[in-house]
Amino acid sequence: FDRGVSVILFTPIDLKKVNLEMLYFESYKDSLTGLFNYNTLQLHLNKTYGDHFFGFIDLDHFKKINDTYGHTKGDEVLAKIGKKLIEIADKNVIMYRKSGDEFIFMTINLSYDETMALVKKIQNVIRSIKLPVLKSNCSIGVVEYKDGNSTYSVFDAITLADIAMYMSKKAGRGNITYIDENEAKNIVAFGPLEETLNSLKSKGR
């Protein structure tokens, strides 16, 4: 090479890998479960792109566990669930604890079939937690989010997943409710998402 001449080599950048690394760069954990916390979810939603599925998980009758065995035992159950969800999580699945007995997941580059297989796996591991009398179970809501849609944001998708979860509870608990993009757009068009969610909450758990 001639002196004073610089050579710059460009290599292709895997944007999907960069996106994933960005998501993990600044992340905060929940001390009880070891899962990412809700603040981290908000951070990730601000930075992520692409198509996703979001899931909202709520334990069924968790108050009965606390009332029957005490809050210390309730915390043990939550910690066990956190450990099991961490074992399920991988490069395509990120798990979060929202608060209390509520959990959220976000998929990266998973198909519908892969996502629903994941949901079944989550439900099965939660059901596998043994208690002397009560059974551990959960209701799950899943929503589809396609990048670039002009109707609802990734933040709206979390609320839509929460709405789907309450639909599962209304259907009898222990159920899974899936909302695709078209149905999500119809729910958004129906009225403010928070009002829809509050209406479902007011009907009880």
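Our subject is the structure that appears above.
Note that the structure is predicted; figures quoted are calculated from it, not measured.

Quick notes on the rules
Residues numbered from 1 in each chain as written. Predicted model: local features only at pLDDT ≥ 70, side-chain atom pairs only at ≥ 80, totals over all residues. Heavy atoms only, no water. Helix = DSSP H or I, 4+ residues; strand = E, 2+ residues; numbered from the N terminus. Buried < 20%, exposed > 50% of the residue type's maximum accessible area, 1.4 Å probe, protein only. Areas by Shrake-Rupley, 256 points an atom, 1.4 Å probe, with all protein chains shown as cover. Pairing = 2+ DSSP bridges. Contact = heavy atoms within 4.5 Å. Axes fitted to C-alpha atoms, helices over the stretch in contact; angles between N-to-C directions. Phe/Tyr/Trp six-rings, centres within 6.5 Å; stacked < 30°, edge-to-face > 60°. Expected span 1.5 Å × (residues − 1). Arc of directions from axis to C-beta. Core = buried A, V, L, I, M, F, W, Y, C linked by side-chain atoms within 4.5 Å. Salt bridge = Lys/Arg side-chain N within 4 Å of Asp/Glu carboxyl O.

Peer 1: So, the overall build of the protein chain: which residues are in play, and what are the values?
Peer 2: Regarding its fold elements, the protein chain presents 8 helices and 6 strands. For the protein chain, the sequential pattern of α-helices and β-strands runs α-β-α-β-α-α-β-β-α-β-α-β-α-α. A burial count over the protein chain gives 45% of its 205 residues as buried. Approximately 11,300 Å² of the protein chain is accessible, and the part contributed by carbon and sulfur atoms is 53%.

Peer 1: Give a description of the sheet that holds strand E3 (residues 93-99) that names residues and reports values.
Peer 2: Taken in spatial order, the 6 strands line up as E1-E3-E4-E2-E5-E6 in an open sheet, and their pairing is mixed. Pairing within the sheet leaves two strands with one partner each, and these edge strands are strand E1 (36-37) and strand E6 (176-179). Summarising the sheet, strand E2 (residues 52-59) and strand E5 (residues 138-145) pair through 8 bridges and their orientation is antiparallel. Among the inter-strand pairings, Phe53 is bridged to a residue of E5, identified as Glu144. Along the sheet face, helix H7 (residues 181-190) touches E5 and E6 and points at about 85 degrees away from the line of E6.

Peer 1: Residue-level account of the packing of aromatic side chains, with values.
Peer 2: This structure, assessed with the given rule, holds 5 aromatic pairs. Seen in terms of ring centroids, Phe53 and Tyr178 are 6.3 Å apart; in terms of plane orientation they differ by 45 degrees. Their pairing is tilted. Here the residue Phe53 occupies a position in strand E2, and Tyr178 occupies one in strand E6, the gap between them amounting to 125 residues. Exposure remark for Tyr178: the relative accessible area of 23% places this residue in the partly exposed category.

Peer 1: So what's going on with helix H4 (residues 71-88)? Which residues, and what values?
Peer 2: The end-to-end C-alpha distance of H4 is 26 Å, a good match for the 26 Å that 18 residues give at a rise of 1.5 Å each. Every buried residue of H4 is accounted for by Gly74, Val77, Leu78, Ile81, Gly82, Leu85 and Ile88. Around the axis of H4, the buried residues are gathered within 140 degrees of arc, so they sit on the same side. H4 presents Thr72, Lys83 and Glu87 as exposed residues on the side facing more than 90 degrees away from its buried surface. Contact partners of the buried residues in H4: E2, helix H3 (62-69), E3, strand E4 (102-107) and helix H5 (112-127).

Peer 1: So, the nonpolar core: which residues are in play, and what are the values?
Peer 2: One broad trend across soluble globular proteins is that nonpolar side chains are buried collectively. Core analysis: the largest hydrophobic core is formed by 28 residues, its most contacted members being Leu45, Phe54, Tyr96, Val143 and Leu160. Of all the elements in the fold, those that place two or more residues in this core are helix H2 (38-47), E2, E3, E4, E5, helix H6 (154-170), H7 and helix H8 (193-202). The element that contributes the greatest number of residues to this core is H6, accounting for 9 residues. Ranked by size, the runner-up nonpolar core spans 26 residues in total, among them Ile65, Leu110, Leu118 and Leu131.

Peer 1: Describe the pattern of salt bridges, with residues and values.
Peer 2: Tallied over the full model, the rule gives 9 salt bridges. Linking Asp67 and Lys63 is a salt bridge whose minimum nitrogen-to-oxygen distance equals 2.8 Å. You can see Asp67 and its partner Lys63 sitting in helix H3, 4 residues apart, about one turn around the helix. The burial state of Asp67 is the same as that of Lys63; both residues are exposed. As a salt-bridge pair, Glu181 and Lys185 come within 3.9 Å of each other at their nearest N and O atoms. With Glu181 and Lys185 both in helix H7, this residue pair falls 4 residues apart, about one helical turn. For Lys185, a relative accessible area of 29% corresponds to the partly exposed category. One salt-bridge network, held together by shared partners, links Glu144, Lys146, Glu181 and Lys185.

Such coordinate-based values are descriptive only and should not be taken to indicate function.
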